[in-house]
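Next come the chains, spelled out residue by residue.
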Amino acid sequence: MKLPISDFLDRYDADKEIIRLHMPGHKGKFEDCSDDITEVYGADSLYEADSIIYESEKLTSQLFDTRRTFYSTEGSSQVIKSMCYLALKHASEVTGIYSRGDYVIAASRNAHKSFINASILLGFDIAWLPSEDDDYSICKCSVTPEGLRAFLTNLKKHTDKTLAAVFVTSPDYLGNMLDIKGLAEVAHEFDTLLICDNAHGSYLKFVGEDLHPISLGADMTTDSAHKTLPVLTGGAYMHISKNAPAGLENPARQGMLLFGSTSPSYKIMKSMDKALERINPQQYKEAAEHLAKLKSDLRDIGMKIYGKEPLKLTLDLRDMDLDGNYLFKEMRARKIICEYGEPDFVVTMWSPFNRFPEDTDRFLKAVKEIMATKEPESEKRNNENIRHKKFSLPEVVYQPYETIFMQKKIVKVNEDLIGEIAADNLTGCPPAITPVIAGERIDKNIVDIMNFYGVEEIGVIK
């Protein structure tokens, strides 16, 4: 396969007669700096792409069957803000309303922090979708088509602001997946867009059954290519569906430039270009089969598995006499480095570039060993009650963008906080249910959650 970006960079690096009188300062003299250039003649420019970058994006668009795919070298954080920009831009063209604060985006509460930052920067209201089940976790926000329809019907009755989009996260950090097809149909009933944060699901196109949100009806997605595909950290896609409104993609590069560096990394773009020949759908299908067997083997020894994402394995410890932090630490001692660990869950992410079945066999053996050991009392949880607590959405006093220049004070987390209005967005890793964001009133439920996760201080509005 001819790879436009890779071929250019390889030729440029190989030509030793070139005198580099341009950025960057290393001049290509060091092995770890190869493939790192600036927008020299012939190298194209990400935000005005019309040659090698554009050609590479077109090939990726064909791979994912989209109308357009745009590259980001600053991860899904850049893309999420850009998609919100495109949604507002599209809504303004339909309505003729151009003022900040006149639009609302309905969003699942497990939206990434960059979505909240998009609200602050672009000035739109957020209408939070409540989770529709009682299964409390730091990540899950269960939204069904029926629930979304009821929510949007009620929203229309109580606001005169224009609904610019519905924003959902699927799959989430723990591996839960939503009914994207049904949600897209409902969003379109209300003449709005469905935007999906598919940061963890780039590979869903390639696991046999096509589970990618674009294929299921989403208008736009962000895919963190680096999370699950053979791409350097920072590489992400903005996909726009063939069925999205005509022209939605036209201001895409303008939107990306609003939230990105004018010096995007060519090393990252080359890795995205190289992914075109490194992605083998059969390998992803086989990896999913290996992981399905591992999940079955873990269930056989009494371990609960959370979520249905094919290449994510999340251990659910909420009903077990085993702390996730302890399991995470013990796995690390065995040189098995998991993605994330906290008292209730341990998250692992797999790809065809793991070794099968060696890695799955070793993982199963390690879990068996840890389950057979007695966990020290010092490792036990300090608060059992929160493990099945339902998260309730706080009272909204201000939208996040209204609080950005308000004065705040930093206070300790205790019950004296109840009734105060948050000035900070309480978000961390993983991208998760956000207990409280700026402008919301703190209640006892939020204080309990902060205590459970070890949050010691937070900013509140003076």
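Residues numbered from 1 in each chain as written. Predicted model: local features only at pLDDT ≥ 70, side-chain atom pairs only at ≥ 80, totals over all residues. Heavy atoms only, no water.

Peer 1: Kindly report on the overall build of the protein, identifying the contributing residues and their values.
Peer 2: Counting its regular elements, the protein contains 15 helices and 13 strands. A compact globule built from 462 residues should have a C-alpha radius of gyration of about 23 Å, and the protein, at 23 Å, falls within 12% of that. With the C-alpha coordinates of the protein rotated into their principal frame, the extents come out at 65 × 60 × 40 Å. Classification of the 462 residues of the protein by burial places 57% in the buried group. Of the accessible surface of the protein, which amounts to about 20,300 Å², a share of 50% is contributed by carbon and sulfur atoms. Side chains of the protein give 56 positive and 71 negative charges; the mean places of these two sets differ by 2 Å. (Helix = DSSP H or I, 4+ residues; strand = E, 2+ residues; numbered from the N terminus. Rg over C-alpha atoms; globule rule 2.2 N^0.38 Å. Buried < 20%, exposed > 50% of the residue type's maximum accessible area, 1.4 Å probe, protein only. Areas by Shrake-Rupley, 256 points an atom, 1.4 Å probe, with all protein chains shown as cover. Lys, Arg positive; Asp, Glu negative; His and termini not counted. Charge placed at Lys NZ, Arg CZ, Asp CG, Glu CD.)

Peer 1: Would you mind going over the pattern of salt bridges in detail, with residue names and values included?
Peer 2: Inspection of every chain in the model, using the stated rule, returns 26 salt bridges. With a shortest N-O distance of 2.9 Å, D210 and K205 are connected by a salt bridge. Classification of K205 by relative accessible area gives buried; the value is 17%. Connected through shared salt-bridge partners, E330, R334, K365 and E369 make up one network. (Salt bridge = Lys/Arg side-chain N within 4 Å of Asp/Glu carboxyl O.)

Peer 1: Tell me what's going on with the pairing of strand 3 (residues 125-129), and back it up with residues and numbers.
Peer 2: For strand 3, the buried fraction is high: 5 of the 5 residues fall into the buried class. Neither face of strand 3 is left uncovered, since the one carrying D125, A127 and L129 and the one carrying I126 and W128 both have all their residues buried. Direction of pairing for strand 2 (residues 103-108) relative to strand 3: parallel, over a ladder of 5 bridges. Looking at strand 3, one finds that I105 is bridged to I126. This β-α-β element, strand 2 to helix 4 (residues 113-122) to strand 3, shows right-handed connectivity. (Pairing = 2+ DSSP bridges. Right-handed = clockwise from strand over helix to strand, strands pointing away.)

Peer 1: So what's going on with the packing of aromatic side chains? Which residues, and what values?
Peer 2: As enumerated under the stated definition, the model contains 13 aromatic pairs in all. Ring plane angle 65° and centroid distance 5.4 Å describe the contact between F64 and F206, whose orientation is recorded as edge-to-face. Pair noted here: F64 is in helix 2 (residues 52-64) and F206 is in the loop between strand 5 (193-197) and helix 7 (213-216), with a separation of 142 residues, a long-range link. The same class applies to F64 as to F206, namely buried. Judged by centre distance (6.1 Å) and plane angle (70°), the rings of F115 and W128 are edge-to-face. (Phe/Tyr/Trp six-rings, centres within 6.5 Å; stacked < 30°, edge-to-face > 60°.)

Peer 1: Give a description of the sheet that holds strand 7 (residues 236-240) that names residues and reports values.
Peer 2: In space, the 7 strands of this open sheet follow the order 1-7-6-5-4-2-3, with mixed pairing throughout. Sheet topology places strand 1 (68-72) and strand 3 at the edges, where each strand pairs with a single neighbour. Neighbouring strand axes in the sheet, compared pairwise and without regard to direction, differ in orientation by 20° on average. Where strand 2 lies against strand 4 (residues 162-169), 5 bridges are found, and the strand directions are parallel. Note on strand 4: the bridge partner recorded for V104 is L163. Strand contacts of helix 10 (residues 266-278): strand 1 and strand 7, with the helix running at about 130° to strand 1, the strand carrying the most contacts. (Axes fitted to C-alpha atoms, helices over the stretch in contact; angles between N-to-C directions. Contact = heavy atoms within 4.5 Å.)

Peer 1: Explain the packing of helix 11 (residues 281-300) against helix 13 (residues 358-372) to me, and be specific about the residues and the numbers.
Peer 2: Direction vectors running N to C along helix 11 and helix 13 enclose 15°, while the axes themselves pass 10 Å from each other. As summarised for this structure, helix 11 and helix 13 are arranged roughly parallel, according to the angle between their axes. Here helix 11 runs over helix 13; the crossing is right-handed. Only T360, F363, L364 and V367 of helix 13 make contact with helix 11, whose side of the interface consists of H290, L294, D297 and L298. Looking at the contact of helix 11 with helix 13 residue by residue, the classes come out as 5 nonpolar, 2 polar and 1 charged. (Parallel < 35°, antiparallel > 145°, perpendicular 65-115°, else oblique. Left-handed = near helix turned anticlockwise from the far one by under 90°. Nonpolar A, V, L, I, M, F, W, Y, C, P; charged D, E, K, R; others polar.)

Peer 1: Let's hear about the pairing of strand 11 (residues 345-349): which residues, and what values?
Peer 2: Burial of strand 11 is extensive: 4 of the 5 residues sit out of reach of the surface. Judged from the 5 bridges that link them, strand 9 (residues 312-316) and strand 11 form a sheet pairing that is antiparallel. For D316, the partnering residue across the bridge sits in strand 11 and is F345. In this structure, strand 10 (residues 340-341) lies alongside strand 11, joined through 2 bridges in antiparallel fashion. Bridge pairing links Y340 to V347 in strand 11. A loop of 3 residues connects strand 10 with strand 11, the two strands running antiparallel in sequence.

Peer 1: Before we move on, can you summarise the nonpolar core with the specific residues and values?
Peer 2: Ranked by size, the top nonpolar core spans 95 residues in total, and within it F115, F124, L229, L298 and F363 carry the most contacts. The element best represented in this core is helix 3 (residues 75-95), accounting for 9 residues. Those residues in contact with F124, other than ones at most four positions away along the chain, are C84, L88, Y103, I105, F115, A118, S119, Q399 and Y401. The next biggest cluster of nonpolar side chains, apart from the first, holds 23 residues, and it includes A127, A184, V186 and L194. (Core = buried A, V, L, I, M, F, W, Y, C linked by side-chain atoms within 4.5 Å.)

Peer 1: Requested: an account of the sheet that holds strand 8 (residues 304-306), with residues and values cited.
Peer 2: In a beta sheet, neighbouring strands are held together by backbone hydrogen bonds and run either parallel or antiparallel to one another. Pairing within the open sheet is antiparallel, and its 4 strands lie in the order 8-9-11-10. Two strands bound the open sheet, and with one partner strand each, they are strand 8 and strand 10.

Peer 1: Report on unusual backbone geometry, specifying residues and quantitative values.
Peer 2: Looking along the chain, the bond that leaves S170 and enters P171 is cis, with omega of 0°. Along the chain, P171 falls in the loop between strand 4 and helix 6 (180-189). Cis peptide bonds are those with omega within 30 degrees of zero, and the linkage from F356 to P357 qualifies with 0°. Located in the positive-phi region is K27, a residue other than glycine, with phi close to 55°.

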